[in-house]
Amino acid sequence: LESDATATSSRSGLIGQVKARKAMGIVFKLIQQGKIGGRAILLAGPPSSGKTALAMGLAQQLGNDIPFCSLSATEVFSLEVSKTEALTQAIRRSMGVRIVEEQEVMEGEVVEIQIDTLSGAKAGKTGRLTLCTTDMETIYDLGTKMIDRLTQERVTAGDVIRIDKATGKISKLGRSVSRSRDYDAMGSNTKFVQCPEGELQKRTTVTHTVSLHEIDVINSRQQGFMALFAGDTGEISESIRGQIDAKVAEWRAEGRATLVPGVLFVDECHMLDMDCFSFLNRALESELCPIVILATNRGQAMIRGTNFTGPHGVPLDLLDRLLIIPTSPYSFDELKEILRVRCNEEDVVMTDDALELLARIAKETSLRYGIQMIMTSSLVAKKRKSKQVELPHIERCHKLFFDVQRSTKFIMEYQNQFLFHEVEGELKSTTAVPVATEGSDKMEE
């Protein structure tokens, strides 16, 4: 989107879907202002119309500070955790808590690091660290742990560092401007900062953003902190979640924390059943609920868990809560531009005539089929010693690989030769063929 919230035909890799992108831009503004928490959005459109791309574009626009959780509806169904537990964990992954803390730190420019190695009975390492600001300079004695941390961070004279007094964590803020010389070997990512002013010891405000699910796992006795890395969190009791919610509410009352509603993206939402839809209906009324974005490519479809059909396979009571953003099929020019961008991404050189034919094929069949033809035609071109993809290469791949329509026609033509084929409206009865045995032959005789 532009600065005035208008959508162009092509921007940042997204092509077409101008109305849907403009609607998602309004949703992005609502998320930034925190005015859409507890609401849900439905992206509805035919296959290959850019629904997932819109959700990924929203996640990229939000940045790393706002939680974003993406899952397919089939991931909810598992033998290890229940459906409601899987949805609860996904919702709490998408809810962030921004915690503000004050820490005592030492911040200054490294003047000198002196490390001595002792031998004999008192073998080990000792050292001294000289830090300075624009107003003062102090020498500190170093122990073995601090020496190891300085070595691990590769701190040298001229670096501006910050040392957390509570944990001993060392962070490199950058390279001092006063130490930048023409003959110094510097990397392209070297950051130059000014020498700190005032005293070495100071109090700073540090902001952390963590999800509610991470707090749940850390405070769960059965799983512990290592479950964050393993990914197998299992069931978390409601009593633990209740205590954490009460603690977060206490922090909010004290002004130490604020809630950050993130985004939960559920693809193929028509695969959810009635239990999941009922749970989402209740969860959307909770205070600790993120922005839920559902995506589906179904029209009038059966609602799983019932004998009824509904629009997009979603119950009407939940559908009434959703802001529905439709996505329409791409035009020929948009398909051509998408395929051109895809060719650049895959380093495939294609002639204009071949790209025109490929866009026509994608218009008649599907965009995914056209994208898959890019690499296959490139391999055919390499086999024929050609540096670019031309018309004969596209035609060759089109003959070798079937799309859905030709595959369906092929099945209908040769259906009698396939196993377990069924034709609608045609009932065929199979008769058992008796197998003659020696005993039966003797009885007949």
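Note that the coordinates shown come from a computational prediction; the quantities given were computed from them, not determined experimentally.

Asker: Give a detailed account of the overall build of the protein, specifying residues and quantitative values.
Answerer: When you go through the protein residue by residue, the secondary structure sums to 15 helices and 17 strands. Out of the 445 residues in the protein, the part that is buried amounts to 39%. Summed over all atoms, the accessible surface of the protein reaches about 27,300 Å², with 51% contributed by carbon and sulfur.

Asker: I'd like a description of the sheet that holds strand 3 (residues 40-44), backed by residues and values.
Answerer: Here we have five strands laid out as an open sheet, ordered 4-13-14-3-17, and parallel in their pairing. Taken across any chain shown, the strands that pair with only one partner, and hence form the sheet edges, are strand 4 (68-72) and strand 17 (322-326). Direction aside, the axes of adjacent strands within the sheet are offset by 20° on average. Direction of pairing for strand 3 relative to strand 14 (residues 291-296): parallel, over a ladder of five bridges. Each residue of the ladder has a partner; that of A40, found in strand 14, is V292. Contacts from helix 1 (residues 18-33) reach strand 3, strand 13 (263-267), strand 14 and strand 17, with the element oriented near 145° to strand 17. Along the sheet, helix 2 (residues 51-62) contacts strand 3, strand 4, strand 13 and strand 14; its crossing angle with strand 13, the most-contacted strand, is approximately 165°.

Asker: Break down the environment of E112 for me, with residues and values.
Answerer: With respect to the helices, strands and loops of the structure, E112 is situated in strand 5 (residues 95-118). When the C-alpha atoms of E112 and D159 are compared, they prove to be 9.9 Å apart, with 47 residues separating the residues in sequence. Setting aside residues no more than four positions away along its own chain, E112 makes contact with R128, L129 and T130.

Asker: An account of the pattern of salt bridges is requested, with residue identities and associated values reported.
Answerer: Where charged atoms from two side chains of opposite charge approach closely, those side chains can pair. By the definition in use, this model includes 21 salt bridges. One salt bridge connects D245 with R92, and the closest N-O pair in it is separated by 3.0 Å. A residue pair is termed long-range when its members are at least 10 positions apart, and D245 in helix 7 (residues 238-254) and R92 in helix 3 (residues 83-93) qualify at 153 residues. Residue D245 is classed as partly exposed on the basis of its relative accessible area of 25%.

Asker: I'd like a rundown of the packing of aromatic side chains, residues and numbers included.
Answerer: Aromatic rings considered in pairs are described by the distance between their centres and by the relative angle of their planes. On inspection of all chains with the given rule, the structure shows two aromatic pairs. Relative to F410, the ring of F402 has its centre 6.1 Å away and its plane inclined at 75°; by these criteria the two rings are edge-to-face. The class of F402 is partly exposed, set by a relative accessible area of 44%. Under the relative-accessibility criterion, F410 is labelled partly exposed at 36%.

Asker: Run through the nonpolar core, naming residues and quoting values.
Answerer: With 30 residues, the main nonpolar core has L42, V76, L264, V266, L272 and L294 as its most contacted residues. Those elements that provide at least two residues to this core are strand 3, strand 4, helix 3, strand 13, helix 8 (274-283), strand 14 and helix 9 (316-319). Considering each element in turn, this core owes the most residues, five residues, to helix 8. Once residues within four sequence positions are removed from consideration, V76 is found in contact with L71, S82, K83, A86, L87, L272 and C276. Core analysis: the next-biggest nonpolar cluster, separate from the first, contains 24 residues, V348, A359, L367 and M373 among them.

Asker: So what's going on with a nonpolar patch on the surface? Which residues, and what values?
Answerer: Residues F402, F410, I411, Y414 and F418 make up a contiguous nonpolar surface patch of about 450 Å² in total accessible area. Within the secondary structure, Y414 sits in the loop between helix 14 (404-413) and helix 15 (438-444). Classification of Y414 as partly exposed rests on a relative accessible area of 34%.

Asker: Describe unusual backbone geometry, naming the residues involved and giving the relevant values.
Answerer: Located in the positive-phi region is H312, a residue other than glycine, with phi close to 65°. Positioned with a positive phi, D347 is a non-glycine residue whose angle comes to about 55°. Along the chain, D347 turns up in the loop between helix 10 (332-345) and helix 11 (352-364). Judged by relative accessible area, which is 68%, D347 ranks as exposed.

Asker: Describe helix 12 (residues 367-383), and please don't skip the residues or the numbers.
Answerer: Each turn of an α-helix holds 3.6 residues, which means side chains three or four residues apart point in the same direction. The end-to-end C-alpha distance of helix 12, which contains 17 residues, comes to 25 Å, matching closely the 24 Å that a straight helix rising 1.5 Å per residue would cover. At I374, helix 12 is deflected by roughly 25°, the largest bend along its length. Positive phi appears at K385, one or two residues downstream of helix 12, with a value of about 60°.

Asker: Before we move on, could you go through the confidence of the model for the protein and cite the residues and values that matter?
Answerer: In the predicted model, the protein carries a mean pLDDT of 81, and the fraction of residues at 70 or more is 84%. Across residues 225-230 the pLDDT falls below 50, and counting only partners more than four positions away or on other chains, this stretch makes eight contacts in the model. Contacts from residues 427-445, a stretch scored under 50 in pLDDT, to residues over four places away or in other chains number three contacts.

Asker: So what's going on with the side chain of H393? Residues and values would help.
Answerer: Tracing the backbone through its elements, the reader meets H393 in helix 13 (residues 391-400). By relative accessible area, H393 is classed as buried at 4%.

Asker: Give a detailed account of the pairing of strand 5, specifying residues and quantitative values.
Answerer: With five bridges connecting them, strand 5 and strand 12 (residues 257-261) associate as antiparallel partners. If you follow V97 over to strand 12, its bridge partner there is L259. With 11 bridges joining them, strand 5 and strand 11 (residues 201-211) adopt antiparallel strand pairing. Looking across to strand 11, one finds that Q103 is bridged to T204.

Conventions and cut-offs
- Residues numbered from 1 in each chain as written.
- Predicted model: local features only at pLDDT ≥ 70, side-chain atom pairs only at ≥ 80, totals over all residues.
- Heavy atoms only, no water.
- Helix = DSSP H or I, 4+ residues; strand = E, 2+ residues; numbered from the N terminus.
- Buried < 20%, exposed > 50% of the residue type's maximum accessible area, 1.4 Å probe, protein only.
- Areas by Shrake-Rupley, 256 points an atom, 1.4 Å probe, with all protein chains shown as cover.
- Pairing = 2+ DSSP bridges.
- Axes fitted to C-alpha atoms, helices over the stretch in contact; angles between N-to-C directions.
- Contact = heavy atoms within 4.5 Å.
- Salt bridge = Lys/Arg side-chain N within 4 Å of Asp/Glu carboxyl O.
- Phe/Tyr/Trp six-rings, centres within 6.5 Å; stacked < 30°, edge-to-face > 60°.
- Core = buried A, V, L, I, M, F, W, Y, C linked by side-chain atoms within 4.5 Å.
- Patch = residues over 30% accessible without salt bridge, like charges linked within 9 Å, V, L, I, M, F, W, Y side chains within 5 Å.
- Expected span 1.5 Å × (residues − 1).
- Bend = angle between axes of the 7 residues up to and from the residue.
- pLDDT = per-residue confidence, 0-100.

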